[in-house]
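Results of the structural survey
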Amino acid sequence: MKTRYYLAAAMILLLAGCGGPAQIGADPEAFKAVDALYTAVSLRDAGRVDRCMANLAALRDAGKLDAGPLEALEGIAAEAKSGSWEPAQSRLARFMRGQTRGR
């Protein structure tokens, strides 16, 4: 009986974490930086992707971007640079559409 409760609790926690992408917040610089990353991925330009990621890391260091969104974007950038440009672009588009921009 206890196992069912633990299983139900685990499922609730799992589903609660599946609500959408990490939010970058309302900072205009962060939105501009993510948009620049989208452009770099669209152009399939690994050098630009690296520069965008450095800019996003600087925004995190300045307190303008949380670590969660940066980690998600790092995963997308790594996917792109591994040669999976189109899937990375699709993931990044979903990430961007999922932003609430401080609503």
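Calculation criteria
- Residues numbered from 1 in each chain as written.
- Predicted model: local features only at pLDDT ≥ 70, side-chain atom pairs only at ≥ 80, totals over all residues.
- Heavy atoms only, no water.
- Helix = DSSP H or I, 4+ residues; strand = E, 2+ residues; numbered from the N terminus.
- Buried < 20%, exposed > 50% of the residue type's maximum accessible area, 1.4 Å probe, protein only.
- Contact = heavy atoms within 4.5 Å.
- Axes fitted to C-alpha atoms, helices over the stretch in contact; angles between N-to-C directions.
- Parallel < 35°, antiparallel > 145°, perpendicular 65-115°, else oblique.
- Left-handed = near helix turned anticlockwise from the far one by under 90°.
- Nonpolar A, V, L, I, M, F, W, Y, C, P; charged D, E, K, R; others polar.
- Core = buried A, V, L, I, M, F, W, Y, C linked by side-chain atoms within 4.5 Å.
- Expected span 1.5 Å × (residues − 1).
- Arc of directions from axis to C-beta.

Looking only at helices and strands, the chain has five helices and zero strands in total. Reading the helices (α) and strands (β) of the chain from amino to carboxyl end gives α-α-α-α-α. Looking at the 103 residues of the chain, the share that counts as buried comes to 26%. Considering only intrachain contacts with a sequence separation of at least 6, the fraction spanning at least 24 residues in the chain is 60%.

Turning our attention to the packing of helix α4 (residues 67-81) against helix α5 (residues 85-97). Between two packed helices, both the angle of their axes relative to each other and the distance between the axes serve to describe the pair. Viewed as axis vectors pointing N to C, α4 and α5 meet at an angle of 160 degrees, and their least axial separation amounts to 7 Å. Judged by the inter-axis angle, α4 sits roughly antiparallel to α5. The two elements α4 and α5 cross, and the hand of that crossing is left-handed. Along its contact with α4, which presents Pro69, Ala72, Leu73, Gly75, Ile76, Glu79, Ala80 and Lys81, the element α5 presents Trp85, Pro87, Ala88, Arg91, Leu92 and Phe95. Of the residues in the contact of α4 with α5, the class split is ten nonpolar, one polar and three charged.

Ranked by internal contacts, the top residues of the largest apolar core, which has 23 residues, are Leu37, Val41, Val49, Met53, Leu56, Leu73 and Leu92. Per-element tally for this core: the top contributor is helix α2 (residues 28-43), with seven residues.

Our focus in this paragraph is α5. Helix length check: α5, at 13 residues, gives a terminal C-alpha distance of 18 Å against a target of 18 Å (1.5 Å per residue), a fit within 8%. Of all the positions in α5, only Trp85, Ala88, Leu92, Ala93 and Phe95 are classed as buried. Along the axis of α5, the buried positions cluster into a sector of 160 degrees, meaning they face one direction only. Among the exposed residues of α5, those pointing more than 90 degrees away from its buried face are Glu86 and Arg97.

Across its 16 residues, α2 extends 23 Å between first and last C-alpha, which sits within 8% of the 22 Å expected from 1.5 Å per residue. Looking only at α2, the buried set comprises Ala30, Phe31, Ala33, Val34, Leu37, Ala40 and Val41. Considering only its buried residues, α2 is in contact with α3 (46-61), α4 and α5. Two residues or fewer past α2, Arg44 is found with a positive phi of approximately 55 degrees.

This part covers the side chain of Gln99. Structurally, Gln99 is set in the segment after α5. Note on Gln99: relative accessible area 8%, which makes it buried. In this structure, Gln99 is in contact with Pro21, Ala22, Gln23, Ile24 and Phe31, ignoring residues within four places of it in sequence.

Moving on, we get to the environment of Pro21. Topologically, Pro21 is positioned in the loop between α1 (2-16) and α2. As a C-alpha pair, Pro21 and Phe95 span 74 residues in sequence and 5.7 Å in three-dimensional space. Contact partners of Pro21, with chain neighbours within four places excluded, come to Arg94, Phe95, Gly98 and Gln99.

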